[in-house]
Amino acid sequence: MFQNALRRLCNETLRFQTSVKYVHFLRGVRPLPVSARHLTDVKDALPFDISLLEFLVCPLSKKQLRYEEKTNELINEELGIAYPIIDGIPNMIPTDARLIQNDPETPVEPA
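The notes below deal with the structure included here. If you're wondering where the values come from, they're calculated on a predicted model, not measured in any experiment.

Topic: the overall build of the chain
Turning to step 1, where the next piece is worked out: Looking only at helices and strands, one finds 2 helices and 5 strands in the chain.
Turning to step 2, where the next piece is worked out: Secondary structure elements in the chain, listed N-terminal to C-terminal, are α-α-β-β-β-β-β.
Turning to step 3, where the next piece is worked out: The buried share of the chain, reckoned over its 111 residues, is 22%.
Turning to step 4, where the next piece is worked out: Counting contacts in the chain only where the partners sit at least 6 residues apart, residues at least 24 apart contribute 31% of the total.
Turning to step 5, where the next piece is worked out: Within the structure as shown, the chain displays about 9,600 Å² of accessible surface, and the carbon and sulfur contribution to it stands at 60%.

If you want it as structure tokens, here you go:
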């Protein structure tokens, strides 16, 4: 009876020690920072279905969006933001949107 308890205690201790070493090793490993924008540069990425533009609106202003093929983004010109498209799926999360530099020579029309 004591031998079984001692054997089990030794096995659990060894298992704990190996897991602690493994966890300690993982603490030194950090995830690589990868921006979602770099994923859109992949040549094999799925194309965006332009027919979705008739249904998609900006979640902030509820206005229609314009598709920019060169940057693969949905543009809200009123707010000056661009939503990325990743693998053919628009990322409509406002915090992931990019601010667009407006052309200083273009006059802004009052609403």
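Once you've had a look at it, read on.
A short note on the side chain of Asn76
Turning to step 1, where the next piece is worked out: Here Asn76 is to be found in strand β2 (residues 73-76).
Turning to step 2, where the next piece is worked out: In terms of polar contacts, Asn76 uses its side chain to reach the backbone amide nitrogen of Glu78, at 3.0 Å.
Turning to step 3, where the next piece is worked out: Excluding residues that lie within four positions of it along the chain, Asn76 makes contacts with Cys58, Ser61, Leu65 and Ile81.

Remarks on the nonpolar core
Turning to step 1, where the next piece is worked out: The biggest cluster of nonpolar side chains holds 11 residues, and these are Phe48, Leu53, Cys58, Leu65, Tyr67, Leu74, Ile81, Tyr83, Ile85, Met92 and Ala97.
Turning to step 2, where the next piece is worked out: Of the residues forming this core, the biggest block, 3 residues, is contributed by strand β3 (residues 81-86).
Turning to step 3, where the next piece is worked out: If sequence neighbours within four positions are ignored, Met92 has contacts with Val57, Cys58, Pro59, Leu65, Leu74 and Tyr83.

With respect to the packing of aromatic side chains
Turning to step 1, where the next piece is worked out: All chains considered together, the criterion is met by 1 aromatic pair.
Turning to step 2, where the next piece is worked out: Consider the rings of Phe48 and Tyr67, whose centres lie 5.1 Å apart with planes at 35 degrees: the pair is tilted. Of this pair, Phe48 sits in the loop between α2 (36-39) and β1 (66-68) while Tyr67 sits in strand β1, and the two are 19 residues apart along the sequence.
Turning to step 3, where the next piece is worked out: The class for Phe48 is buried, based on a relative accessible area of 8%.

Here we look at the pairing of β2
Turning to step 1, where the next piece is worked out: Because side chains alternate across β2, one face comprises the buried residues Glu73 and Ile75, and the other comprises Leu74 and Asn76, equally buried.
Turning to step 2, where the next piece is worked out: Across 3 bridges, the pairing between β1 and β2 is antiparallel. Residue pairing across strands places Glu68 opposite Glu73, the latter belonging to β2.
Turning to step 3, where the next piece is worked out: Hairpin connection, β1 to β2: the antiparallel pair is bridged by 4 residues, and Asn72 has positive phi, about 55 degrees.
Turning to step 4, where the next piece is worked out: Direction of pairing for β2 relative to β3: antiparallel, over a ladder of 4 bridges.

Points about unusual backbone geometry
Turning to step 1, where the next piece is worked out: The phi torsion at Asn72 lies on the positive side, around 55 degrees, for a residue other than glycine.
Turning to step 2, where the next piece is worked out: A positive phi angle, near 55 degrees, is found at Asp87, a position not held by glycine.
Turning to step 3, where the next piece is worked out: Tracing the backbone through its elements, the reader meets Asp87 in the loop between β3 and β4 (89-90).
Turning to step 4, where the next piece is worked out: Its relative accessible area of 41% is what places Asp87 among the partly exposed residues.

Each value, and the rule that gives it
- Residues numbered from 1 in each chain as written.
- Predicted model: local features only at pLDDT ≥ 70, side-chain atom pairs only at ≥ 80, totals over all residues.
- Heavy atoms only, no water.
- Helix = DSSP H or I, 4+ residues; strand = E, 2+ residues; numbered from the N terminus.
- Buried < 20%, exposed > 50% of the residue type's maximum accessible area, 1.4 Å probe, protein only.
- Contact = heavy atoms within 4.5 Å.
- Areas by Shrake-Rupley, 256 points an atom, 1.4 Å probe, with all protein chains shown as cover.
- Polar contact = N/O pair within 3.5 Å; in protein donor to acceptor, adjacent residues only side chain to side chain.
- Core = buried A, V, L, I, M, F, W, Y, C linked by side-chain atoms within 4.5 Å.
- Phe/Tyr/Trp six-rings, centres within 6.5 Å; stacked < 30°, edge-to-face > 60°.
- Pairing = 2+ DSSP bridges.

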